[in-house]
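Chain by chain, the residues run as shown.
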Amino acid sequence: MALAEVAQLAVNGLVVGGILALAGVGLSLVYGILNLSNFAHGDFMTLGAYLVFFLSVEATGALPAEVAAGLAAAIGFSALALVMFRKVSRREALGLSGVSAVLLVVGVFGGPIVRATVLAAVLVAIFAMALDLALWRPLRRRRATLVSLVIVSIGVALVVRHAVQLVWGSDFRNYDLPLRPAERFLGLSFTYAQIVALLTAIAAAILLEILLRRTRTGKAMRALADDVELARVCGIDTDRVILYVWALAGVLVTLAGVLLGLVTNLHPNLGWSLLLPTFAAVILGGIGSARGAVLGGLTIGLAMELSALSERLLSYKQAIAFGILILVLLVRPQGILGGKGR
Amino acid sequence: MTPTRRPRGEWTVVFLVLLGVFVAIGLLSVRGTGSVQPSYLVGVLITIFLYALFSLGLSVQFGEAGLINFGHVASMSVGAYATALLALEGYALPLALGVGIVGAVLFGLLLGLPTVRLREDYLAIVTIGAAEILRTVYLNEEDVTNGPAGVTGFPRPFLAAASGFGPWVAVADRVAVAPYKLLVLVLVAATFFAALAVVEALSRSPWGRVLRAIREEEDVATSLGKNVFAYKLQALGLGAAIGALSGAFLAWYVAYFSPDTFPPLVTFYAWIVLVLGGAGHHRGVLIGSALLWGIFEAARLLEVPYVDLTGPGQVLAVGALLVLFMMLRPHGILGRKEEMVHAK
């Protein structure tokens, strides 16, 4: 009986861990490359989750499909135009066309929530890239200190979170999906949302692994996370790769937000309340390492959910992530997979 | 490069800003209600000095030692809880206050020990987390802290004296402000100026010079045989002590507080105060605090249409202000350009 209970909590832990991993990868890459501990990352997650809510619940009907198709067409055309004016390479144009194709296919064939998720992911990615152009790039140029970067990210976090609260209020919301009975498997019960979350997280992790290990852009990202100056000397267009990193972070964090919204409820503090565990996961795994972030996320998620074994510990879930963070800082501050001793 | 000479005009700027905010708020409130509201204005002044005092603690930690504390509100809450709860148990007020200050210092040192040696921003993550966890402790340990219901009915200093001492009551009646409120204003302002004097004296002392040297070029300070770690922890502790003091005053002023009184936002307000005033210029906190609360009150009194500036809109505006200031004038009003933006 006790064992079954532990196993059930472990399942919940894996779900939360998968969400933390998705959120953590973007945070970790940005942290490693820009030296920016982005306190707004959690609020990007909130924004993504609420955009999906808006697109799939509030703006029901044909709107998202048409918007998705329109956006796909716009991106396709801009890719064409950018190639013609030699603003982007052919490889990038191919990527843009890929994005527009996915949008088109999902827009036509996907269910409302899938459609909304893809669209929201693109929007958050664009938002993250726009912030890089407006804030982070100028700050990089003038070699702003770590402190100023952190303060600006806090400002962005406040703006995003309270804009969400202003637009959607602070009541709990959900995606208004039909209720389904939980599946039983090996004596454990999985809610539908948990199954979706687990499968999505696994699929995303595999795709991410391919992107980062096999593609040129992915390798450039990892090179940057290792050593920005060295990457620049090797002829990598760092500013451009940094934009891709923001886009990737935006997509992954939106995914994490939607999954979290499926498993729990939407609230303006959704992402903010998960930020500390995400930071704990990233530092545990080693800053700048995507694999580390996944590993760290799973560890922290399991630890947090297994705390439910004790009634008293349950109210201190956050404190457990925090305790692990402090322990890592004391014993191995560079994290499990972190290379450089910091 | 390290500026030790303070330009004479700084106090003029501070008082002009304070006066400007005070007059603007006064005029706006007269426009709204048709008469002067001394009690309201005294309330705004108390808040300004309270946050200036609170931010002064952060100013010591960041301005002197370059420490990024994003959980400064923890020191405020420890100060408030310890002072109020011990006073409720029947302990003497000075003792309760002392325990609050020592408690906040110990809590700060506890966080500093594992992090101060590491990357600067680890301290930011750890402190922000610790302050949040402290808040869940207040929420959950109902036997001690009364949980979400909060703490009230605790003894406050000079409460009987303020309403029992004839001349003081006469003065308060004359300006139409509750005697105790007026006394709190005098006490908070006096404490702030005293703390400021101490901090500025320390800043000019050899101790402050070493700290600024560490902030500018840590390796040089180390090579000169200075114990960088110890100096940083001392600054962290001093800042926490000032924060705890502001917490005690907050408790005495509002006579009620709960875990919700100490959200992370309070820390961010202190950072905005610092950024507005100019990091490293301790008297700048008065400018920053006056501007911050001036903007809040003005927005409320003007009833800016469409945006409810008392709720999320207010925080949104503050966040935008913070980003704007960091992009356009990161050195603040009193600061000099080379102080904050230099390459590490």
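All residue numbers refer to positions counted from 1 along the written sequence of the respective chain. The lettering of chains begins at A and the numbering of ligands begins at 1, in the order of writing. Residues qualify for local features only when their pLDDT is at least 70, as the model is predicted, and side-chain atom pairs are given and counted only at 80 or more; totals for whole chains, interfaces and linings, by contrast, use all residues. Excluding hydrogens and water, the side-chain values take into account all heavy atoms of the structure.

1. Concerning the overall build of chain A
No. 1: Across its full length, chain A holds 14 helices and two strands.
No. 2: Within these notes, the globule rule equals 2.2 Å times the number of residues to the 0.38 power, and the radius of gyration is based on C-alpha atoms. Against the compact-globule benchmark of 20 Å for 342 residues, chain A has a radius of gyration of 20 Å, which places it among compact chains.
No. 3: Across its three principal directions, the C-alpha atoms of chain A cover 65 × 55 × 40 Å.
No. 4: Whether two residues touch is decided by their heavy atoms; if any such pair falls within 4.5 Å, the residues are in contact. Residue pairs in contact within chain A that sit at least 24 positions apart in sequence constitute 77% of those at least 6 positions apart.
No. 5: About 15200 Å² of surface is accessible on chain A, with carbon and sulfur atoms providing 67% of the total.
No. 6: Here the positive residues are Lys and Arg and the negative ones are Asp and Glu; neither His nor the chain ends is included. Positions of charges follow a simple convention, taking NZ of Lys, CZ of Arg, CG of Asp or CD of Glu. In chain A, 27 positive and 17 negative side-chain charges are present, and the distance between their average locations comes to 10 Å. Each helix corresponds to a stretch of at least 4 residues labelled H or I by DSSP, and each strand to a stretch of at least 2 residues labelled E; elements are numbered beginning at the N terminus. Using a 1.4 Å probe, accessible areas were evaluated by the Shrake-Rupley method; residue-level cover was limited to the displayed protein chains.

2. Considerations on a nonpolar patch on the surface
Residues and elements named next belong to chain A.
No. 1: A grouping of Leu 199, Ile 202, Ile 206, Leu 207 and Ile 210 is seen on the molecular surface, where their side chains present a nonpolar patch of about 510 Å² in accessible area.
No. 2: Tracing the backbone through its elements, the reader meets Leu 199 in helix H7 (residues 192-214).
No. 3: Think of it in three bands: residues with accessible area under 20% of the maximum for their type are buried, residues over 50% are exposed, and the middle band is partly exposed, with areas taken using a 1.4 Å probe on protein chains only. You can call Leu 199 exposed: its relative accessible area is 55%. Residues form patches when they are more than 30% accessible in relative terms and have no salt bridge. Like charges link within 9 Å. Nonpolar side chains (Val, Leu, Ile, Met, Phe, Trp, Tyr) link within 5 Å. Criterion for a salt bridge: a side-chain nitrogen of Lys or Arg within 4 Å of a carboxyl oxygen of Asp or Glu.

3. Some thoughts on the interface of chain A and chain B
No. 1: In this complex, chain A contributes 44 residues to the contact, which on the side of chain B involves 43 residues.
No. 2: Put simply, buried area is how much 1.4 Å-probe accessible surface two parts lose in total, over both of them, once they are put together. Counting each side, the surface lost to burial between chain A and chain B is near 3900 Å², with a carbon and sulfur contribution of 78%.
No. 3: Across the contact surface, chain A and chain B share zero salt bridges.
No. 4: For this analysis, a polar contact is any N or O atom pair within 3.5 Å, provided that within protein one partner can donate a hydrogen and the other can accept it, and provided that sequence-adjacent residues contribute only side-chain to side-chain pairs. At the boundary of chain A with chain B, the tally comes to three residue pairs in polar contact (both at pLDDT 80 or more).
No. 5: Looking at the side of chain A that touches chain B, the elements with two or more residues in it are helix H5 (112-141), helix H6 (146-168), helix H11 (272-285) and helix H14 (317-331) of chain A.
No. 6: Of the residues forming the side of chain A that touches chain B, the biggest block, 15 residues, is contributed by H6(A).
No. 7: Residues that form the side of chain A that touches chain B fall into these classes: 31 nonpolar, nine polar and four charged. Classes in brief: Ala, Val, Leu, Ile, Met, Phe, Trp, Tyr, Cys and Pro nonpolar; Asp, Glu, Lys and Arg charged; the others, Gly included, polar.

4. Details of the nonpolar core
No. 1: Only buried residues count toward a nonpolar core, which is a set of Ala, Val, Leu, Ile, Met, Phe, Trp, Tyr and Cys residues joined through side-chain atoms within 4.5 Å. Core analysis: the largest hydrophobic core is formed by 209 residues, its most contacted members being Phe70(B) and Tyr269(B).
No. 2: Setting aside anything within four residues of it in sequence, one finds Phe70(B) in contact with Val150(A), Ile151(A), Ile154(A), Ala124(B), Thr127(B), Ile128(B), Thr267(B), Phe268(B) and Trp271(B).
No. 3: Counting 15 residues, the second-largest nonpolar core is a separate cluster that includes Ala65(B), Val210(B), Leu211(B) and Tyr231(B).

5. As for the packing of helix H2 (residues 38-65) of chain B against helix H10 (residues 206-216) of chain B
Residue and element names in this part refer to chain B.
No. 1: Two numbers describe how H2 lies on H10: the axes approach to 7 Å, and their chain directions differ by 65 degrees. Within the contact between the two elements, H2 uses Phe 62, Gly 63, Glu 64 and Ala 65 and H10 uses Gly 208, Leu 211, Arg 212 and Arg 215.
No. 2: Taken together, the residues of the contact of H2 with H10 sort by class into three nonpolar, two polar and three charged. The convention used is that axes are lines fitted to C-alpha atoms, helices contributing only their stretch in contact, and that angles between N-to-C directions extend from 0 to 180 degrees.

6. Quick word on the packing of aromatic side chains
No. 1: What counts as a ring pair is set by centres within 6.5 Å for rings of Phe, Tyr and Trp (its six-membered ring), and what kind of pair is set by the plane angle: stacked under 30 degrees, edge-to-face over 60, tilted for all other angles. Counting across every chain of the model gives 29 aromatic pairs over all chains.
No. 2: An aromatic cluster is built from Tyr31(A), Phe39(A), Trp272(A), Phe279(A), Phe62(B), Phe70(B), Phe268(B) and Trp271(B), whose rings are joined through pairwise contacts.
No. 3: Put simply, a charge is over a ring when the Lys NZ or the Arg CZ is close to the ring centre, within 6 Å, and near the line of the ring normal, within 35 degrees. Between Arg161(A) and the ring centre of Trp272(A), over which it is positioned, the NZ or CZ distance is 4.4 Å.
No. 4: Here Arg215(B) stacks its cationic end above the ring of Phe62(B), 5.3 Å away from the centre of that ring.

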